[in-house]
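# Close look at the chain arrangement
What follows is each chain in one-letter form.
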Amino acid sequence: MKQYHTNINKRSRFTLTPEPDPAAAEHLAPFEPGQIKSRVEAALTIQNDFFPCFDWTFPPPITQRQTGTLSPGELFQAPSAVPGRYSLYLHIPYCATLCKFCYYPVMPGRAADEMDDYVGHLLQEMALYADVLADRKCESVYIGGGTPTYLHERQLTALFEALQRHFAFTPDAEITIESAPGTIPDAKLALLRQLGVNRLSYGIQTLDTDLLADLNRSYSVPAALRELEAAVATIGNVNIDTMYGFEGESDRALLDTLEQFVSLGIPCVSIYSLDGQRCERERVRFAPSQDPMFDRKLVIFRAARAYLHEQGFTPVLQNIFLKPDRASYRHQLRRWENLPLVALGMGSMGYAPRRLYQNHLSLKNYYAAVEAGQLPIVESEPLTAELEIAREMVSQLRFTQVDLARVRDKYGVDVGAVFEDLIDALVELGYVERRGDVIRLTNAAEPYNNIIPMLFAPNRFKEVIFALPEEYRENFPLPAVLANVGATQSRPIRAARP
Ligand SMILES: C[S@@+](CC[C@H](N)C(=O)[O-])C[C@H]1O[C@@H](n2cnc3c(N)ncnc32)[C@H](O)[C@@H]1O
Ligand code: SF4
């Protein structure tokens, strides 16, 4: 009996919870000194997986999630890794038009009254959280989409007034809104500033006009650059999203685009590799992801990274670069410190203490839940204390670096000692460099950067891998590597916190 969805891909989950495999203990038997290095060396082979994978997450989407909603009290009952603090994400699913490559849950070209209705429901959802969060402070808000600045001024005003009414903020809270060309005339920009927005993320993707036409992004490049210049003057803390890896893209397209943004004084740049697999919504497949542009993307990405480094940008995530004195990126970074993230809106994904959760993906179900006075949660995944620590360590290593001393001080677990042999093996193989307590992936690890951090998953979590169908374990890069490497802990993980 197949235990997985026929169209399994990076986001799919198994339809049945796998039975524990009685042989798991044998596969995860303690290793001899030196054995782990040869196992890692043999298991890692280039798989042409996506680079850098756009939607990488830990824990990986292997086991089934729990369906059904939870009360606010249930959602926040576990101890928080960052007591007294949280952040907010609001999803606005509206855009002017639908771009060819985009697979976000968005609804293009909708009328004002439909958006009024959605904003009304968001306000009701906020109210559901107000009591449980009353004695905690919000340290960042991220309004994403879609294109939130496609909302009308009165709708934006209503949203911000409700945020102020329902939540308490730290004095330096980072408030980000996503935007796209043609949606922030000067008056709206001034309003956003007045409402408290102190970071703007502008999705422009490329300045190559031929590419833009092919992507169904029909704006004038000079007009977009003028809008962006005004945003830098008004808000200052501005990020631009760029993309690469399109068919027919010239070798220099990304570099030419970046040069123009640098000359405009943009202080933060995100560069995304096109994830084409996810755009093919209708394609049914059971096969590992293979990116035909893998090698070319590595070349383009390395050239862009070198250029941004020369221009004084610092990487804050693997693909996000900023000038630290002129830009911030706190909201996203704090996610990997296990800061609770309250998800508002259709399809939003959140993190309550030790629980990942997601809201309904259909507008109808989202509205029905909110109208019934329930949190519109469709599914969630509780994490053990061990997995929460691993989430922080694994995600930080994947995205730039992890400070083992900080993790030890925060959770009372010496993760450097727990994974001592694995770290030594990865350092000897040249995939990780270590400076004091800080470890980071080297450039040699790039082809495996979706997988090497996963080796730091707790042994107990890896037991699930051995219960997966053999077909999946043999053919998909992540389960194949984890199964072949086996145990990676030198010592048990014992969390100091309950
Ligand atoms: C939620 S979108 C919102 C930004 C804005 N609406 C815009 O026009 O770009 C955030 C970013 O995800 C990236 N993105 C969207 N689809 C993608 C895909 N298929 N592969 C890689 N990156 C993608 C784009 O860079 C986009 O700016
Ligand atoms: S890329 Fe941005 S503007 Fe285009 S459809 Fe996606 S969210 Fe909307």
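Keep in mind it's a predicted model, so treat the numbers as computed, not measured. (Residues numbered from 1 in each chain as written. Chains lettered and ligands numbered in written order. Predicted model: local features only at pLDDT ≥ 70, side-chain atom pairs only at ≥ 80, totals over all residues.)

## A look at the overall build of the protein
When helices and strands are counted, the protein shows 19 helices and 18 strands. Here the C-alpha atoms of the protein give a radius of gyration of 23 Å, agreeing with the 23 Å that 2.2 N^0.38 yields for 498 residues. Seen through its C-alpha atoms, the protein measures out along the principal axes to roughly 65 × 55 × 45 Å. Counting all 498 residues of the protein, 42% fall into the buried class. Sequence-distant contacts, at least 24 apart, represent 77% of the contacts inside the protein between residues at least 6 apart. (Helix = DSSP H or I, 4+ residues; strand = E, 2+ residues; numbered from the N terminus. Rg over C-alpha atoms; globule rule 2.2 N^0.38 Å. Buried ≥ 20, exposed ≤ 12 C-beta atoms within 10 Å, placed from the backbone. Contact = placed C-beta atoms within 7 Å.)

## Let's talk about the site of ligand 2
The full set of residues close to ligand 2 is Cys95, Leu98, Cys99, Cys102, Tyr104, Val106, Gly145, Gly146, Thr147, Ala180 and Gly203. A per-class count over the shell around ligand 2 returns seven nonpolar, four polar and no charged. (Near = placed C-beta within 6 Å. Nonpolar A, V, L, I, M, F, W, Y, C, P; charged D, E, K, R; others polar.)

## Regarding the domain arrangement of the protein
Here the protein is described as being made up of domain 1 (24–59 + 385–485) and domain 2 (72–335). For domain 1 versus domain 2, the distance between C-alpha centres works out to 29 Å. Listed per partner, the contact involves 15 residues of domain 1 and 16 residues of domain 2. Considering only residue class, the side of domain 1 that touches domain 2 consists of seven nonpolar, four polar and four charged. (Domains from an automatic or database assignment.)

## Re the site of ligand 1
Of all residues adjacent to ligand 1, which total 21 residues, the nearest are Ala180, Gly203, Asp241, Tyr272 and Asp275. When residues of the shell around ligand 1 are traced back to their parent elements, those giving at least two are strand 5 (137–145), strand 7 (199–205) and strand 8 (238–244). For the shell around ligand 1, the residue count by class is eleven nonpolar, six polar and four charged.

## Examining the sheet that holds strand 17 (residues 432–435)
Judged by pairing direction, the sheet is antiparallel, and its three strands sit side by side in the order 16-18-17 without closing on themselves. The strands lining the two open edges of the sheet, one partner per strand, are strand 16 (401–403) and strand 17. Sheet twist, expressed as the average angle between the axes of neighbouring strands with direction ignored, equals 20°. In this structure, strand 17 lies alongside strand 18 (residues 438–441), joined through four bridges in antiparallel fashion. (Pairing = 2+ DSSP bridges. Axes fitted to C-alpha atoms, helices over the stretch in contact; angles between N-to-C directions.)

## Some remarks on the pairing of strand 14 (residues 355–359)
Of all five residues making up strand 14, four are buried, and the element is well covered by its neighbours. Summarising the sheet, strand 14 and strand 15 (residues 377–382) pair through five bridges and their orientation is antiparallel. Paired with Asn359 across the two strands is Ile377, which belongs to strand 15.

## Looking at the nonpolar core
Residues Leu88, Val141, Val269, Leu322 and Leu344 are the most contacted members of the largest nonpolar core, which totals 76 residues. With residues up to four places along the chain from it excluded, the contact list for Leu322 reads Pro267, Cys268, Phe313, Thr314, Val316, Ala327 and Tyr329. Judged by nonpolar contacts, the second largest core, of 49 residues, contains Ile36, Ile389, Val415 and Leu426. (Core = buried A, V, L, I, M, F, W, Y, C linked by C-beta atoms within 7 Å.)

## A word on helix 14 (residues 404–411)
In an α-helix, one full turn covers 3.6 residues, which means residues spaced three or four apart are oriented alike. Leu404, Val407 and Tyr411 are the residues of helix 14 that are buried. The buried residues of helix 14 occupy an angular sector of 60° when projected down its axis, which confines them to one face. Looking at the buried residues of helix 14, the elements they touch are helix 13 (385–399), strand 16, helix 15 (415–418) and strand 18. Once helix 14 ends, the next one or two residues include Gly412, with phi positive near 70°. (Arc of directions from axis to C-beta.)

## Describing the environment of His309
Relative to the helices and strands, His309 is located in helix 10 (residues 294–310). For the pair His309 and Gly345, spaced 36 residues apart in sequence, the C-alpha to C-alpha distance is 37 Å.

## Here's the deal with the environment of Gln332
Relative to the helices and strands, Gln332 resides in helix 11 (residues 330–335). Residue Gln332 is classed as partly exposed on the basis of its 17 C-beta neighbours within 10 Å. Sequence separation between Gln332 and Ile452 is 120 residues, and the spatial gap between their C-alpha atoms is 22 Å.

## A few points about the confidence of the model for the protein
For the protein, mean pLDDT is 89; residues scoring 70 or higher make up 91% of the total. In the predicted structure, residues 5–9 sits below a pLDDT of 50 and forms eleven contacts with residues beyond four places in sequence or in another chain. (pLDDT = per-residue confidence, 0-100.)

## Describing the packing of helix 2 (residues 35–43) against helix 19 (residues 477–485)
Look at helix 2 against helix 19: their axes get within 9 Å of each other, and the N-to-C directions meet at 155°. One way to sum up the angle between helix 2 and helix 19 is to call them roughly antiparallel. The element helix 2 and its partner helix 19 pack so that their crossing is right-handed. Contacts between helix 2 and helix 19 involve Arg39, Val40, Ala42 and Ala43 from the first element and Val481, Asn484 and Val485 from the second. (Parallel < 35°, antiparallel > 145°, perpendicular 65-115°, else oblique. Left-handed = near helix turned anticlockwise from the far one by under 90°.)

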